[in-house]
Amino acid sequence: MTPGAQLLRGRLVTGGRLVEDGVLAVEGDRVAFAGPAADWAGPPPPPATAGELLLPGLVDVHCHGGAGHGFPDSGPDGLAVAVAHHLRHGTTSLLASLVSAPGAVLEERVKLLAPLVEAGDLAGIHLEGPFLSALRCGAQDPEMIVPGDPDLLRRLVDIGGGHIRSMTLAPETAHYAELLAVMAGHGVLPSLGHTDADAARTRAAVAAVGGPVSATHLFNGMPPMHHRAPGPVAACLAAAARGDMVLELIADGVHLADETVAAVFDLVGPRRIALVTDANAAAGQPDGRYRLGSVLTDVVGGVARVVGSEAGGSIAGGTARLVDVVRRAVRHAGVDLAAAVTAASATPARLLGLPDVGDLVPGARADVLVTDAGLRPMAVMRAGVWVHGEPDREAV
């Protein structure tokens, strides 16, 4: 090992499996070794710490903000605060999600976010709309939803300079095939959601992509599955089971029942699930009133809803960080630890085409989340540098 290399030891998640006594060696910004302590042939590793977990940095492909600031509406300083908040909680790769808004507003937001992508603070930008179904708008402002407009999308991707990585659209929106062509030409991942389409139309929409495709927060923003009207939920589950789709799940105990989360993991497995937060500005904040684009939300008991909606009305994004979602999936839904971590790291990284993040394997970027046995963050490394906390370890 080179001077200054770092050795960590603990329960290690690598390659989709849990190593109970693992060693992680980091040289520069890369992983040099990740595996059982018994296989480590270098300098003596540090002593094992009971319960400490070494996890790959998490990858959140759907997040609207945090720490009091939203990506759809905050200024540059607030955007940086939101990114830093999620980084401190172990999300080392993050897409900044926007919501439906007039074209001029979306252009302005893309311009504001692009420098954070260029600096490496964000992995890209996610457009959640405006080509959605007003009938299934959820917390999105229905007045901001418009039919599919390929010219608007071309302007946005041109302004984004390659930084728009994904877009949520409804299969039934106008000019669907043309929108897919624009996305394919600019490396933008299609994600189907906020839709009132039936199962047949959804199935055809998935087939039309001809490449990677995801479902935006499955179950939320779409009709419930019924045995005589299976709708998009059944079509997306079937597509994921065939290996044709990745399903976003907001497994925070609010958007989905824990039993639903467990069932989807059992049905399609962690390689076809991307755990996401859909976090808004209220993530990491106390109850109160927060903005989500043009919509005001009230957070009560950690649950965000559109202002004025009745109890049980539209949920307006999440208030958890991705590590909180992983913890909920493991402790309440009974999902296997390695499976939950894979769905929050390797699967979304592969979905976005990020080649060197999402797993702790030799050659990968050294993005590491260190937690205690209860999956509470203790320290975070990004590209070999401790950005939050630092375990009591000596360099070798």
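Structure first, text after, so check above.
The following refers to the structure shown. Numbers given to residues run from 1 along each chain, matching the order in which its sequence is written. Totals for whole chains, interfaces and linings use every residue, but because this is a predicted model, local features are given only for residues with pLDDT of at least 70 and side-chain atom pairs only at 80 or more, for both listing and counting. To get the side-chain values, all heavy atoms of the structure are used, and hydrogens and water are removed first.

**Re the overall build of the protein**
Each helix corresponds to a stretch of at least 4 residues labelled H or I by DSSP, and each strand to a stretch of at least 2 residues labelled E; elements are numbered beginning at the N terminus. When you go through the protein residue by residue, the secondary structure sums to ten helices and 20 strands. Since a compact globule built from 396 residues should have a radius of gyration of about 21 Å, the 20 Å found for the protein is in line with a globular shape. Expressed along its principal axes, the backbone C-alpha trace of the protein runs to roughly 60 × 45 × 45 Å. Put simply, the protein has 396 residues, and 58% of those count as buried. By the convention used here, residues are in contact when the closest approach between their heavy atoms is within 4.5 Å. Long-range contacts, defined here as pairs at least 24 residues apart, represent 68% of the contacts in the protein between residues at least 6 apart. The Shrake-Rupley method, run with a 1.4 Å probe sphere, supplies the accessible areas, and residue values consider only the shown protein chains as cover. Surface accessibility of the protein: about 14800 Å² in total, with carbon and sulfur atoms responsible for 53%. Put simply, the protein has 29 plus and 42 minus side-chain charges, and the middle of one group is 3 Å from the middle of the other. Taken over C-alpha atoms, the radius of gyration is set against a globule rule of 2.2 Å times the number of residues to the power 0.38. For the exposure calls, accessible area comes from a 1.4 Å probe over protein chains only, and a residue counts as buried if that area is under 20% of its type's maximum, exposed if over 50%, partly exposed in between. In this tally Asp and Glu are treated as negative and Lys and Arg as positive; neither His nor the chain ends contributes. Note on charges: their place is set at NZ of Lys, CZ of Arg, CG of Asp or CD of Glu.

**A word on unusual backbone geometry**
Leave glycine aside and you will find that most residues have negative phi; peptide bonds, for their part, are mostly trans. Geometrically, the link from Gly129 to Pro130 is a cis peptide bond, its omega value of 15° lying close to zero. Relative to the elements of secondary structure, Pro130 occurs in the loop between β9 (124-128) and α3 (150-160). Even without glycine at this site, Ala67 takes up a positive phi of about 55°. Along the chain, the position of Ala67 falls in the loop between β6 (65-66) and β7 (69-70). Positive phi values are uncommon outside glycine, yet Leu375 reaches one of about 65°. Mapped onto the elements of the fold, Leu375 is located in the loop between β18 (368-371) and β19 (377-382).

**A closer look at the state of the cysteines**
In this description, the term disulfide denotes a pair of cysteine sulfurs within 2.5 Å. Counted by the stated rule, this structure contains zero disulfides. In this model Cys137 remains outside any disulfide bridge; the closest cysteine sulfur is found in Cys236, 19 Å from its own. Using a relative accessible area of 13% as the deciding quantity, one classes Cys137 as buried.

**Observations regarding the pattern of salt bridges**
For salt bridges, the criterion is a side-chain nitrogen of Lys or Arg within 4 Å of an Asp or Glu carboxyl oxygen. This model, assessed by the stated rule, comprises 14 salt bridges. Here Asp196 ties to Arg136 by a salt bridge, and the two come within 2.9 Å at their closest N and O atoms. Of this pair, Asp196 sits in the loop between β11 (189-192) and α5 (199-209) while Arg136 sits in the loop between β9 and α3, placing them 60 residues apart in sequence. Judged by its relative accessible area of 32%, Asp196 is partly exposed. Using a relative accessible area of 26% as the deciding quantity, one classes Arg136 as partly exposed. As a salt-bridge pair, Arg154 and Asp151 come within 2.8 Å of each other at their nearest N and O atoms. Of this pair, Arg154 and Asp151 both sit in helix α3, three residues apart, which is roughly one turn of that helix. You can call Arg154 partly exposed: its relative accessible area is 36%. Salt bridges linked by common partners bring Asp29, Arg30 and Asp356 together as one network.

**Topic: the packing of α5 against helix α6 (residues 231-242)**
Packing of α5 against α6 brings their axes to within 7 Å, and their N-to-C directions diverge by 40°. Classed by the angle they form, the pair α5 and α6 counts as oblique. Where α5 crosses over α6, the handedness of that crossing is right-handed. Between α5, through Ala199, Thr202, Arg203 and Val206, and α6, the contact on the second element is made entirely by Gly231, Pro232, Ala235, Cys236 and Ala239. Looking at the contact of α5 with α6, its residues break down into six nonpolar, two polar and one charged. Note on geometry: axes are lines fitted to C-alpha atoms, helical ones only across the stretch in contact, with angles between N-to-C directions running from 0 to 180 degrees. Note on angle classes: values under 35 degrees are labelled roughly parallel, values over 145 roughly antiparallel, values of 65 to 115 roughly perpendicular, and the remainder oblique. By the definition used in this description, the sense in which the near helix is turned from the far one sets the handedness, with an anticlockwise turn below a right angle giving left-handed and a clockwise turn giving right-handed. For this scheme, ten residues count as nonpolar: Ala, Val, Leu, Ile, Met, Phe, Trp, Tyr, Cys and Pro. Four count as charged, namely Asp, Glu, Lys and Arg, and the remainder, Gly too, count as polar.

**Things to note about the sheet that holds β11**
Strand pairing within a sheet occurs via backbone hydrogen bonds; the two strands may be parallel or antiparallel. Pairing between strands is defined by DSSP: at least two bridges between them are needed. Across the sheet, eight strands lie side by side as β5-β8-β9-β10-β11-β12-β13-β14; this open sheet has parallel pairing. Each of the sheet's edge strands pairs with one partner strand only, and the pair in question is β5 (58-60) and β14 (273-275).

**With respect to the packing of aromatic side chains**
Geometry of aromatic contacts follows a simple scheme: Phe, Tyr and Trp rings, the Trp one being its six-membered ring, pair when their centres are within 6.5 Å, and the pair is stacked under 30 degrees between planes, edge-to-face over 60, tilted otherwise. A full pass over the atoms with the stated rule returns one aromatic pair. Ring centres of Phe33 and Trp40 lie 5.1 Å apart, and the angle between their planes is 50°; this geometry places the pair in the tilted category. For the pair Phe33 and Trp40, one class covers both residues: buried.

**Notes on the packing of helix α2 (residues 103-118) against α3**
At a minimum axis separation of 9 Å, α2 and α3 run at an interaxial angle of 15°. As far as their axial angle goes, α3 and α2 are roughly parallel. α3 is crossed by α2, and the crossing has right-handed handedness. On the side of α2, the interface is formed by Gly103, Leu106, Glu107, Val110 and Lys111, while α3 contributes Leu152, Arg155, Leu156, Ile159 and Gly160. Its residues assigned to classes, the contact of α2 with α3 shows five nonpolar, two polar and three charged.

**A short note on the sheet that holds strand β16 (residues 295-300)**
Strand order in the open sheet made by the three strands is β15-β16-β17, with antiparallel pairing throughout. The sheet terminates laterally at β15 (288-292) and β17 (303-306), the two strands that pair on one side only. Averaged over all pairs of adjacent strands, the angle between strand axes in this sheet comes to 35°, irrespective of strand direction. In terms of strand pairing, β15 meets β16 through five bridges, oriented antiparallel. Its bridge partner lying in β16, Tyr290 is registered against Thr297.

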